[in-house]
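The chain contents come next:
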Amino acid sequence: MKIPLGTRSPLDWKNLSPDLVIKIFSRRHKTALTLGILIIFLNIILPFIFIKIIGIEKDVYVSWGLPYTGILLPIGVLYIIFRYRCPRCNAPPTSTKVGAQGVLLFPKKCGNCGVALLPHHPWSTD
Ligand SMILES: [Zn+2]
């Protein structure tokens, strides 16, 4: 089944089947992880390689490389804020445990409506 991309799709988000919720959230999760890995690679590992290993001047790299790689950081942050959410209730995936705060990286289920998000992922927590 094709999963609609936009939030203006005719899908009835409140009544999504559990399987479809998992499918949609898995895709959002994969995109968020890919962005995170790209951000870390382009803004931490790549500068390290250029400056420490290849020996490019730090100022040269900061003025020529960083404006291009740095653009991914706000994109990643905006993605996490606006799209990394429960497909059913649109809440960010937070922990259900008392005292735990922040957005979960591998949420087993939605902290708000309780629908399963990544129930089969080996690293998922609730
Ligand atoms: Zn939810």
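Residues numbered from 1 in each chain as written. Predicted model: local features only at pLDDT ≥ 70, side-chain atom pairs only at ≥ 80, totals over all residues.

Helix and strand counts for the chain stand at four helices and zero strands. In terms of overall size, the chain is more extended than a compact globule, its C-alpha atoms giving a radius of gyration of 18 Å where 126 residues would be expected to give roughly 14 Å. Expressed as lengths along the three principal axes of its C-alpha atoms, the size of the chain is roughly 55 × 35 × 20 Å. When burial is assessed residue by residue, the chain has 14% of its 126 residues classed as buried. Excluding contacts between residues fewer than 6 apart, the proportion of contacts in the chain whose partners are at least 24 apart in sequence is 48%. (Helix = DSSP H or I, 4+ residues; strand = E, 2+ residues; numbered from the N terminus. Rg over C-alpha atoms; globule rule 2.2 N^0.38 Å. Buried ≥ 20, exposed ≤ 12 C-beta atoms within 10 Å, placed from the backbone. Contact = placed C-beta atoms within 7 Å.)

Phi at Asn90 takes a positive value of approximately 70 degrees, unusual for a residue other than glycine. Note that Asn90 resides in the segment after α4 (72–82).

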